[in-house]
Amino acid sequence: MKHVILGNGPAGVIAAETIRQRAPQDEIVMIGSENAPPYSRMAIPYLLMGNIDESGTYLRKEPNHFEKLKIEQVRGNATSVDVKAKKLFLEGQEGKPITFDKLLIATGSVPIRPPIPGIDLPGVHPCWTLEDARSIAKLAKPGSRVLQMGAGFIGCIILEALASQKVELTVVEMGDRMVPRMMTAAAGGMIKQWVQDKGVQVYTDTKVQEITKSGSGLSVKLSNGRSIEVDLVISATGVRPNVDYLKSSGLEIGKGIFVNEQMQTSVANVYAAGDVTESIDFSTGVRIVNAIQPNAAEQARIAAINMTGGEAQSLGALQINVLDTLGLISSSFGLWSGAPGGDHVEMIDVVGRKYLRLEFLEDILVGATCVGTTEHIGVLRGLIQGKVALGEWKTVLMEEPAKAMEAYLAKGQAQSTWMN
């Protein structure tokens, strides 16, 4: 059996290793699009901070790790996939297709390129690849003026790396708060105040309208009427599934590749895992793109088991976000923005920089948001994933939401024991 893995990020690597463990004699080909060993994009901020060198971003540290496992590595950008003929084509090598018996698509995400005049000027960079990191590192020196577009999850991670380099940093977010896709209004506002107190200027409800050259730097015009002179602009306005090359493949695609609980696509011998997928949401049963690394790793493991004749399936993609923004920890789980027909309780300690909001549907916890504390993270996740019927404990939590641990011990563990 010949397994081809398109993509060599965390999902691709975990899948290749799992296939090798389960099928020692099968042929495995792993295709990466960059001229670098398989690495983690989530490590790039630590590279920019100077905490690691480029080798520290590599997913496997031993230089000949994949050779020992007899996993063939190929470099190239996929231009198309023919699922009927079981072939895929790489840029510049259209006459030499790569054949497969089983295919795993794990090509991840690509940065969203906002339609802003001047977005292609020198000094404007996304922060997504090692090459991007090298370019940013040359410009983000202590005292340099940097404007970052976007204060989402990825943007906040980049923000921390930039702040560590002592740059003069301005962040522009078009949403009404920081991290608008994982934090409630109160939580996002708390994070914004924290960041500003650390010396970072943040403009929310604001767009970049135009970027122009200005002397040796750039001039950035904002929708709030301001113009800012900077040395570097970083575009961190989000990512989307990398599926453009698959439009004529015959695979069923929405925002991402549709997969079932086995990570199988609409074609039997083709699987997908990670940020490129649109999978079933744990909480709602509808399809979502859940672009977080733990989800990618789990989907890759499930896909690899099924590709090698095993039986594994996902319980659904649970939305989990944990973020450290200049020392302030925040997290959100499940239906953190609430469920139709549900209710919630919110606890805010502005002085202590602590926040907790719980979302319920009847007596089941379906979502949560935390800022400034990590003590509830494990139990909140357990209650949500277990769909634990809280009964009278819901009333307790509506009065005192910080008693999540007691509720879990009383109801969650009891349910787990009963089910076992």
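Look a little higher up for the structure.
This report concerns the structure included in the present document. Note that the coordinates shown come from a computational prediction; the quantities given were computed from them, not determined experimentally. (Residues numbered from 1 in each chain as written. Predicted model: local features only at pLDDT ≥ 70, side-chain atom pairs only at ≥ 80, totals over all residues. Heavy atoms only, no water.)

## Notes on the pairing of strand 20 (residues 277–280)
Next up, step 1: Bridge count between strand 18 (residues 257–258) and strand 20: 2 bridges; the pairing is parallel. Its bridge partner lying in strand 20, Ile 257 is registered against Thr 277.
Next up, step 2: Bridge count for strand 20 against strand 21 (residues 287–288) is 2 bridges, and the pairing is antiparallel. Pairing of Ser 279 across the sheet is with Ile 288, part of strand 21.
Next up, step 3: In this antiparallel pair of consecutive strands, strand 20 and strand 21, the connection spans 6 residues, and Gly 285 shows a positive phi of 80°. (Pairing = 2+ DSSP bridges. Helix = DSSP H or I, 4+ residues; strand = E, 2+ residues; numbered from the N terminus.)

## Structural notes on the sheet that holds strand 14 (residues 217–222)
Next up, step 1: Taken in spatial order, the 3 strands of this open sheet run 13-14-15, and their pairing is antiparallel. Where the open sheet ends on each side, the last strands, each with one partner, are strand 13 (208–214) and strand 15 (227–230). Averaged over all neighbouring strand pairs, the angle between strand axes comes to 20°, with direction disregarded.
Next up, step 2: With 4 bridges connecting them, strand 14 and strand 15 associate as antiparallel partners. By the bridge assignment for strand 15, Lys 221 is matched with Ser 227. (Axes fitted to C-alpha atoms, helices over the stretch in contact; angles between N-to-C directions.)

## Observations regarding the sheet that holds strand 20
Next up, step 1: Ordered by their spatial adjacency, 3 strands build an open sheet running 18-20-21, and the pairing between neighbours is mixed. Edge strands, defined here as strands with exactly one partner in the open sheet, are strand 18 and strand 21.

## Structural notes on the pairing of strand 1 (residues 2–6)
Next up, step 1: Summarising burial for strand 1: 5 of the 5 residues are buried, a large majority.
Next up, step 2: Along strand 1, one buried face is formed by Lys 2, Val 4 and Leu 6 and the opposite face, lined by His 3 and Ile 5, is buried too.
Next up, step 3: Where strand 1 lies against strand 2 (residues 27–32), 5 bridges are found, and the strand directions are parallel. Bridge pairing in strand 2 links Lys 2 to Glu 27.
Next up, step 4: You can see the chain leave strand 1, run along helix 1 (residues 10–22) and come back into strand 2, and the turn it takes is right-handed.
Next up, step 5: Where strand 1 lies against strand 7 (residues 102–105), 4 bridges are found, and the strand directions are parallel. (Buried < 20%, exposed > 50% of the residue type's maximum accessible area, 1.4 Å probe, protein only. Right-handed = clockwise from strand over helix to strand, strands pointing away.)

## A few points about helix 8 (residues 377–386)
Next up, step 1: Turning to helix 8, its buried residues number three or more, namely Ile 377, Val 379, Leu 380, Leu 383 and Ile 384.
Next up, step 2: At the C-terminal side of helix 8, Lys 387 shows a positive phi close to 45°.

## Here's the deal with the side chain of Thr 107
Next up, step 1: Tracing the backbone through its elements, the reader meets Thr 107 in the loop between strand 7 and strand 8 (109–111).
Next up, step 2: For Thr 107, a relative accessible area of 19% gives the class buried.
Next up, step 3: At a separation of 3.2 Å, a polar atom in the side chain of Thr 107 contacts the main-chain carbonyl oxygen of Asn 242.
Next up, step 4: Within the structure, the side chain of Thr 107 is placed 2.9 Å from the side chain of Tyr 245, a separation counted as a polar contact.
Next up, step 5: Excluding anything up to four places from it in sequence, Thr 107 contacts Leu 6, Gly 7, Asn 242, Tyr 245 and Val 276. (Polar contact = N/O pair within 3.5 Å; in protein donor to acceptor, adjacent residues only side chain to side chain. Contact = heavy atoms within 4.5 Å.)

## Quick notes on the side chain of Ser 219
Next up, step 1: Considering the arrangement of structural elements, one finds Ser 219 in strand 14.
Next up, step 2: A distance of 3.1 Å separates a polar atom in the side chain of Ser 219 from a polar atom in the side chain of Glu 229.

## Focus on the packing of aromatic side chains
Next up, step 1: The final tally for this structure, using the stated rule, is 0 aromatic pairs.
Next up, step 2: A cation over an aromatic ring shows up here: Arg 287 above the ring of Phe 258, its NZ or CZ 4.4 Å from the ring centre.
Next up, step 3: The ring of Phe 282 carries Lys 387 above its face, with NZ or CZ at 4.8 Å from the centroid. (Phe/Tyr/Trp six-rings, centres within 6.5 Å; stacked < 30°, edge-to-face > 60°. Lys NZ or Arg CZ within 6 Å of the ring centre and 35° of its normal.)

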